[in-house]
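Spelled out, the chains give:
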Amino acid sequence: MSDAALALTLFLRDPQRFGGIILRGDGPARDAMLAEISAAIAPLVRIPANVDAERLLGGLDLTATLASGATVMRPGLLEAARGGAVVVPMAERLRADVAAHLAQAMDAGGQTIILLDDGREAEERVPAALAERVAFHCDVGSLSYSARPSTISGQTAKGNKAIADVGQLDHVQLTVLAATASALGVTSVRALNFVHTAARAHAALHDKSGVDDDDIAAAVRLVLAPRATMVPQPAPPPEAESEDASPPDDQPGDDSARNIDPSELDDLVLEAAAAAIPPHILDQIERRARGGGHATGGRSGDRQKSAHRGRPLGARPGMPGQGRKLALIASLRAAAPWQAIRRRDAKPADGRRVHIRKDDLRVRAFEERRGTLTIFAVDASGSAAMSRLAEAKGAVELMLAAAYVKRAQVALIAFRKEGADLLLPPTRSLTRARRALAELPGGGGTPLAAGLIAAQQLASNAQRSGQTPVIALLTDGKANVRRDGSAGRAEAMAEAEVAAHALRSAGHASVVIDIAPRPTPEAAALAAAMGGRYVPLPRAGSAALVAAVESVGAP
């Protein structure tokens, strides 16, 4: 809480210079911080997450235009917030176009923005265009309310110096900041500018005329650590130098002017950076290190346009009917600028006050997320079948437990003996899944082509019903049963390759999880034929299977 309070205090000393602040997570701590912001900044304009461009930037005043017969414009929310700040609730849900307008306003007019991030999953984040332009990212959802009075209010009583009264950082300090940013994987120039300003602001808060190590460490904690994409590694011990070693001829011997290699960074700054990286950032870094990316098992599927439901996208030109609903206000707004001309050109007997043409009509548009369906196709043949099915069962239960709120479903296909069986139809019911998975068959030959065909058919049906399917194939890639149930290794492998190419042509996202004791070339070749990812997991547990499936992005 002390770091969050310090970030808020530095931000309030010069809001425009720092661009804004992100407050992630709800709760009493965020409420207290918002109260501090409201008391310090005015006007403070709240912008809804579903705002359209016209309301944000300004546009036609429909009522005044229709009443006067002349075009009357009204200011937007950004104009109303000039000189103050805007608050964006549910900022993680902002559409890309609205985020772009806000970013443009920040670049053009020094607009200050407070972003309230209510995301609960790692991939639910504030748009990068806005996160890039604000100095402080604070995760306050789990912070204690009791810490508020002593940390937030207490910080504001310190120091009367302005940032401009603090001297610039010297060459060594700037090099330390740049090298620390590199060690954290932060490549943004804006972040370097923010950390430089934060160090000076921290010095001003403590009535210093120059920046010292404590100021640099605080700035790194507050600005760079929340942006980290890698964990800084400790520098190796320097090699011993001979006593007669001297500086190169082209560099002065004064330490204040020397170039500092990242391996020579001050331990204090590195420790401050490593200790301040938020836990969710560490989780993301660990997943990337394992090749897992940012996806999560219950992720939402593809976005698709809809005329009926979902997040409003505003109005679009079009004719009502066939499920499309008239956007009355938008239609009147489109017609309003032409009323004076149309009244003048109308017949004398035409007493209409408002003249609407076909080109004025607008219909409502929405965007909705497609639900996802993860299809586990499991090789249930051979002596290891039961352990494989047990792993798959555990993975299904783990994904269902976390995926219900995101409309995600799971299905399970087992292929063995002469064919493939749908053991668990698509479901979100954890109780139903446990009942269906209680006793699973195993043993026999490997009809790999039958399993691939069954998975493709189920995926195609899901796609037609509006879902985004992902196929997770657990196998060693070796087939020995043909589609007609007869034995024949060479023929079965050829049929499996044809089925894999067909699945690739269908465009379904897929991952081949190699569960052989050692990685097999057959499984790798199968993944290539399917156009999917290959993941060798010879000793896969349920959590490892979930991580492998989560690494596959929906198409």
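See above for the structure.
The structure contained in this document is the topic of the report that follows. (Residues numbered from 1 in each chain as written. Predicted model: local features only at pLDDT ≥ 70, side-chain atom pairs only at ≥ 80, totals over all residues. Heavy atoms only, no water.)

**Some remarks on the packing of aromatic side chains**
Argument step 1. Under the criterion given, the structure shown has one aromatic pair.
Argument step 2. Summarising the aromatic geometry, the rings of Phe18 and Phe136 are spaced 5.0 Å apart at their centres and angled 45° between planes, so their arrangement reads as tilted. Of this pair, Phe18 sits in helix α2 (residues 15-18) while Phe136 sits in strand β7 (residues 136-139); the two residues are 118 residues apart in sequence, bridging distant segments of the chain.
Argument step 3. Judged by its relative accessible area of 0%, Phe136 falls in the buried class. (Phe/Tyr/Trp six-rings, centres within 6.5 Å; stacked < 30°, edge-to-face > 60°. Helix = DSSP H or I, 4+ residues; strand = E, 2+ residues; numbered from the N terminus. Buried < 20%, exposed > 50% of the residue type's maximum accessible area, 1.4 Å probe, protein only.)

**Things to note about the pattern of salt bridges**
Argument step 1. Under the defined criterion, the tally for this structure stands at 17 salt bridges.
Argument step 2. Close ionic contact of Lys208 with Asp212 constitutes a salt bridge, the shortest N to O distance being 2.9 Å.
Argument step 3. When salt bridges that share partners are traced, they join Asp107, Glu132, Arg133 and Arg190 into one network. (Salt bridge = Lys/Arg side-chain N within 4 Å of Asp/Glu carboxyl O.)

**Thoughts on the nonpolar core**
Note on soluble globular proteins: their nonpolar side chains tend to be buried together.
Argument step 1. Ranked by size, the top nonpolar core spans 57 residues in total, and within it Phe11, Phe18, Ile21, Ile37, Ile114 and Phe136 carry the most contacts.
Argument step 2. Among the elements that take part in this core, helix α11 (residues 189-205) stands out by supplying nine residues, more than any other.
Argument step 3. Residues contacting Phe136, with those up to four places away along its chain left out, are Ala7, Leu10, Phe11, Phe18, Gly20, Ile21, Ile22, Ala198, Leu222 and Val223.
Argument step 4. Core analysis: the second largest hydrophobic core is formed by 27 residues, Leu448, Ala455, Leu458 and Ala479 among them. (Core = buried A, V, L, I, M, F, W, Y, C linked by side-chain atoms within 4.5 Å. Contact = heavy atoms within 4.5 Å.)

**Examining the sheet that holds strand β1 (residues 20-24)**
Argument step 1. Taken together, five strands build an open sheet; the order of strands is β2-β5-β6-β1-β7 and the sheet is parallel. Looking at strand neighbours, the two that pair on one side only are β2 (44-46) and β7, the edges of this open sheet. Strand-to-strand, the axes of this sheet are offset by a mean angle of 15°, without reference to chain direction.
Argument step 2. Both β2 and strand β5 (residues 85-88) contribute to a ladder of three bridges, which runs parallel. Bridging across to β5, Arg46 finds its partner in Val87. (Pairing = 2+ DSSP bridges. Axes fitted to C-alpha atoms, helices over the stretch in contact; angles between N-to-C directions.)

**Observations regarding the packing of helix α20 (residues 489-506) against helix α21 (residues 521-530)**
Argument step 1. Their axes nearest at 7 Å, the elements α20 and α21 cross at an angle of 35°. Residues Met493, Ala496, Ala500, His501, Leu503 and Arg504 of α20 form the contact with α21, whose own contacting residues are Glu522, Leu526, Ala528, Ala529 and Met530.
Argument step 2. Residues belonging to the contact of α20 with α21 are distributed by class as follows: eight nonpolar, one polar and two charged. (Nonpolar A, V, L, I, M, F, W, Y, C, P; charged D, E, K, R; others polar.)

**Focus: α20**
Argument step 1. The first and last C-alpha atoms of α20 sit 26 Å apart over 18 residues, in line with the 26 Å expected at 1.5 Å per residue.
Argument step 2. Considering only its buried residues, α20 is in contact with α19 (448-464), β14 (468-475), β15 (509-514) and α21.
Argument step 3. Just past α20, the residue Gly507 takes up positive phi, approximately 80°. (Expected span 1.5 Å × (residues − 1).)

**Describing the environment of Ala527**
Argument step 1. With respect to the helices, strands and loops of the structure, Ala527 is situated in helix α21.
Argument step 2. On the basis of relative accessible area, Ala527 is assigned to the buried category, the value being 1%.
Argument step 3. Between the C-alpha atom of Ala527 and that of Ile513, which follows or precedes it by 14 residues, the distance is 8.8 Å.

**Here we look at the pairing of strand β11 (residues 372-379)**
Argument step 1. The buried fraction of β11 is high, at eight of eight residues.
Argument step 2. Alternating positions in β11 separate into two faces, Thr372, Thr374, Phe376 and Val378 on one and Leu373, Ile375, Ala377 and Asp379 on the other, with burial throughout.
Argument step 3. Bridging between β11 and β14 involves seven bridges; their strand directions are parallel. In the sheet register, Leu373 faces β14, and the bridge partner there is Pro469.
Argument step 4. Where β11 meets strand β12 (residues 409-416), seven bridges bridge the pair, whose relative direction is parallel.

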